[in-house]
Amino acid sequence: MKSDIVPMLACPNCKGDLEISISNQQGQDILEGELTCLQCHEIFPINEGIPNLLPTNTNN
Ligand SMILES: [Zn+2]
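To start, this report covers the structure provided alongside it. Computed from a predicted model, the values in this text were never measured in an experiment. (Residues numbered from 1 in each chain as written. Predicted model: local features only at pLDDT ≥ 70, side-chain atom pairs only at ≥ 80, totals over all residues.)

1. Notes on the overall build of the protein chain
Defined as follows: Segments assigned H or I by DSSP are reported as helices when at least four residues long, segments assigned E as strands when at least two residues long, and all are numbered from the N terminus. The globule rule used here is 2.2 Å times the number of residues to the 0.38 power, and the radius of gyration it is set against is calculated over C-alpha atoms. Three exposure classes are used, all based on how many other C-beta atoms lie within 10 Å of a residue's own C-beta (placed from the backbone): buried at 20 or more, exposed at 12 or fewer, and partly exposed between those limits.
On a plain count of helices and strands, the protein chain comes out with 0 helices and 4 strands. The linear arrangement of helices and strands in the protein chain, starting from the amino end, is β-β-β-β. Expected size for 60 residues packed as a compact globule is a radius of gyration near 10 Å; at 11 Å, the protein chain falls within 12% of this value. Put simply, the protein chain has 60 residues, and 13% of those count as buried.

2. A few points about the nonpolar core
For clarity, the cut-off: For the purposes of this analysis, a nonpolar core is taken to be any set of buried Ala, Val, Leu, Ile, Met, Phe, Trp, Tyr and Cys residues that are connected through C-beta atoms within 7 Å.
Membership of the largest hydrophobic core is limited to 7 residues, which are Cys 11, Leu 18, Ile 30, Leu 35, Cys 37, Phe 44 and Ile 46. Of all the secondary structure elements, the ones that give two or more residues to this core are β2 (29–37) and β3 (43–47). Per-element tally for this core: the top contributor is β2, with 3 residues.

3. A few points about the environment of Glu 42
Just so we agree on the cut-off: Here, residue contact means that the backbone-derived C-beta atoms of the two residues sit within 7 Å.
As for its placement among the helices and strands, Glu 42 is situated in the loop between β2 and β3. Classification of Glu 42 as partly exposed rests on a count of 19 C-beta atoms within 10 Å. With 24 residues separating them along the chain, Glu 42 and Leu 18 place their C-alpha atoms 9.3 Å apart. Residues within four places of Glu 42 in sequence aside, it is in contact with Cys 11, Asn 13, Cys 37 and Thr 56.

Here it is, written out as structure tokens:
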């Protein structure tokens with residue numbers, strides 16, 4: 001995934017803004033990292049360039 005799409009992504013739980021933390025990048029492509037919600041502080045992993053933005057409603 002490209003880092004410039006991060007502003008277009010939103011937390012699936014609360015629609016909050018996401019902050020990216022990159023652990024492996026090749027050129028413009030982020031291969032491994034994490035997206036952290038600034039609002040609910042949920043962490044969504046990026047694996048093989050695919051952000052895993054699935055809701056994690058564990059407290060219902
Ligand atoms: Zn959130």
